[in-house]
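What the coordinates show
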Amino acid sequence: MEHTTLRQPASFRLRSDLLKAMKERAKASHRSLNNLVESILLDAMYSEPNKETLEAMQEAHDNKGGAYSNVSALMKSLAEE
């Protein structure tokens, strides 16, 4: 059974440097610009972080992991784990 997704034309005004970069990325990955934009938008709209990611985000937000005053303190903490 075939499945057809209906599509509607849309028009957007983008920064010229962004459009250029997107065209280059689409070409490099052998995709159309439309396919690249649609993939990016689908990912942005429908990807939900998993439970572990949500917990890590909350921990970072709450600063439970602690803050480091310098790189040496961070490296020492990592070595202890």
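In this text the structure is predicted, and so the values were computed from the model without any measurement.

With that out of the way, let us pick up helix 4 (residues 71-80). The buried fraction of helix 4 amounts to one of the 10 residues, a small share that puts the element mostly on the outside. With a side-chain oxygen lying 3.1 Å from the backbone nitrogen of S72, the N-terminal cap of helix 4 falls on N70.

With that settled, consider the layout of surface pockets. By volume, the largest pocket is sized at about 710 Å³. For the largest pocket, the lining is made up of 17 residues, of which A10, F12, N34, V37 and L41 are closest to its centre. Going through the elements one at a time, helix 1 (16-28) and helix 2 (33-46) are the ones with two or more residues in the lining of the largest pocket. Here the lining of the largest pocket gets seven residues from one element, more than from any other, and that element is helix 2. Here the residues of the lining of the largest pocket are counted per class, giving 12 nonpolar, three polar and two charged.

Criteria and cut-off values
Numbering of residues begins from 1 in every chain and follows the order in which that chain's sequence is written. Totals for whole chains, interfaces and linings use all residues, but because this is a predicted model, local features are given only for residues with pLDDT of at least 70 and pairs of side-chain atoms are given and counted only at 80 or more. Side-chain figures throughout are based on the complete set of non-hydrogen atoms in the structure, without hydrogens or water. Using a 1.4 Å probe on the protein chains alone, a residue whose accessible area is under 20% of its type maximum counts as buried, one over 50% counts as exposed, and one in between counts as partly exposed. The numbering of helices and of strands both runs from the N terminus, where a helix is a DSSP run of H or I of at least 4 residues and a strand a run of E of at least 2. For the purposes of these results, a polar contact is taken to be a pair of N or O atoms within 3.5 Å, where, inside protein, one atom must be able to donate a hydrogen and its partner to accept one; residues adjacent in sequence count only when each atom of the pair is a side-chain atom. Only protein atoms enter the 1 Å grid used here, on which a cavity is any set of points holding a 1.4 Å probe that cannot leave and a pocket is any open set flanked by protein within 12 Å on both sides along at least five of seven lines; residues with an atom within 4 Å of a point are listed as lining. Grid points are joined across faces, edges and corners, and a volume is the space filled by probe spheres set on the points. Three classes are used: nonpolar for Ala, Val, Leu, Ile, Met, Phe, Trp, Tyr, Cys and Pro, charged for Asp, Glu, Lys and Arg, and polar for all others, with Gly counted as polar.

These results come straight from atomic positions and should not be treated as a statement about function.
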